[in-house]
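# Inside the fold
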Amino acid sequence: YSFFKNALTHDSFYALDNQGADITSFILELYNSKGEAAVYSYFLNHSGAVGFEEKTVSSSARSLEEAVTLNNYQYYTANGTYYGAKSWKTLLCGTYYYNTKTGLITRAPSPNLYLVEANFGTNFSPYLYPGNINSSISNQSSVTFFASYTMYADYKDEYSSGLGSLKISYGSHVHRFTAS
């Protein structure tokens, strides 16, 4: 719950369904009418994500180029093949550069994807397997950072020693955001 409350305090708050469609208005209405527990229940039953971004601008006095670094956090909930729904937080960190005289974006290296938090329980070892990670500039005025990944957890308990672990898939997901 605490990530949701934290995300709500940011102007850049957003919510996505399990297909990546924007459901921010719906989630805010649900929160305002029924509270945080109803939002959490919605994501447990339907999967999806909430998130926000933080922005840092750095420049050099001798350079005609400034760097803008964006940290976009996303909290995702999904059902696995066994052991019910689990939640985790990812960070997609992207940087783009723009010309200070023209304001046009000049370059945007591929972002970095991190698994920030995944408290699945004692017998679980969660991890993500990255897929396609890239950035694309549109008309030198905006940049989209994109990362696809599959979320897994290895499950092992005291009864399965010597048998190895059970690999549980929590599906393929996308973490993407656009900045301008």
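Quick look at the structure, then. (Residues numbered from 1 in each chain as written. Predicted model: local features only at pLDDT ≥ 70, side-chain atom pairs only at ≥ 80, totals over all residues. Heavy atoms only, no water.)

## Comments concerning the nonpolar core
- Ranked by size, the top nonpolar core spans 26 residues in total, and within it Trp88, Tyr96, Phe120, Phe145, Met151 and Tyr170 carry the most contacts.
- Those elements that place two or more of their residues in this core are strand E3 (65–79), strand E4 (85–99), strand E7 (124–138), strand E8 (142–155) and strand E9 (166–179).
- The biggest single contributor to this core is E8, with seven residues.
- Membership of the second largest hydrophobic core comes to 18 residues, among which are Phe13, Ile27, Tyr42 and Leu91. (Core = buried A, V, L, I, M, F, W, Y, C linked by side-chain atoms within 4.5 Å. Buried < 20%, exposed > 50% of the residue type's maximum accessible area, 1.4 Å probe, protein only. Helix = DSSP H or I, 4+ residues; strand = E, 2+ residues; numbered from the N terminus.)

## A look at the pairing of E3
- Within E3, 12 of the 15 residues are buried, leaving the element largely enclosed by the surrounding structure.
- Direction of pairing for strand E2 (residues 48–59) relative to E3: antiparallel, over a ladder of 12 bridges. What sits directly across from Glu54, in E3, is Asn71.
- Where E3 meets E4, 15 bridges bridge the pair, whose relative direction is antiparallel. In the sheet register, Ala67 faces E4, and the bridge partner there is Tyr97. (Pairing = 2+ DSSP bridges.)

## Brief notes about the environment of Asn119
- Relative to the helices and strands, Asn119 resides in the loop between strand E6 (112–117) and E7.
- Counting along the chain gives 107 residues from Asn119 to Ser12, while the straight-line C-alpha distance between them is 25 Å.

## Considerations on the pairing of E2
- Of the strand pairs in this sheet, strand E1 (residues 14–17) and E2 are connected by four bridges, and their pairing is antiparallel. Within the sheet, the bridge partner assigned to Asp17 lies in E2 and is Gly48.

## What to know about helix H3 (residues 36–46)
- Taken as a whole, H3 has its buried residues at Glu36, Ala38, Val39, Tyr42 and Phe43. The buried side chains of H3 occupy one side of the element, clustering within an arc of 165° when seen end-on.
- Along its buried surface, H3 packs onto helix H1 (2–8), E1, helix H2 (24–34), E2 and E3.
- One or two steps after H3, the chain reaches Ser47, where phi turns positive at roughly 65°. (Arc of directions from axis to C-beta. Contact = heavy atoms within 4.5 Å.)

## A word on H2
- Within the sequence span of H2, burial applies to Thr24, Ile27 and Leu30. Buried residues along H2 cover an arc of 130° about the axis, so they all sit on one side. Seen from the buried face of H2, the exposed residues on the opposite side, beyond 90 degrees, are Ser25, Glu29, Asn32 and Ser33.
- Immediately downstream of H2, the backbone of Gly35 shows phi near 95°, a positive value.

## Describing empty space enclosed by the protein
- Taken as a whole, this structure holds one cavity of 30 Å³ or more when the rule is applied.
- In this structure, the largest cavity encloses a volume near 110 Å³.
- Every residue lining the largest cavity is counted, 10 residues in all, and those nearest its centre are Phe4, Tyr40, Phe43, Val50 and Tyr75.
- At the level of secondary structure, the elements contributing two or more residues to the lining of the largest cavity comprise H1, H3 and E3.
- Ranked by residues supplied to the lining of the largest cavity, first place goes to H3 with four residues. (1 Å grid on protein atoms, 1.4 Å probe; cavity = no way out; pocket = protein on both sides within 12 Å on 5 of 7 lines; lining within 4 Å. Points joined across faces, edges and corners; volume = space filled by probe spheres on them.)

Treat this as a map of the structure, not an account of what it does.
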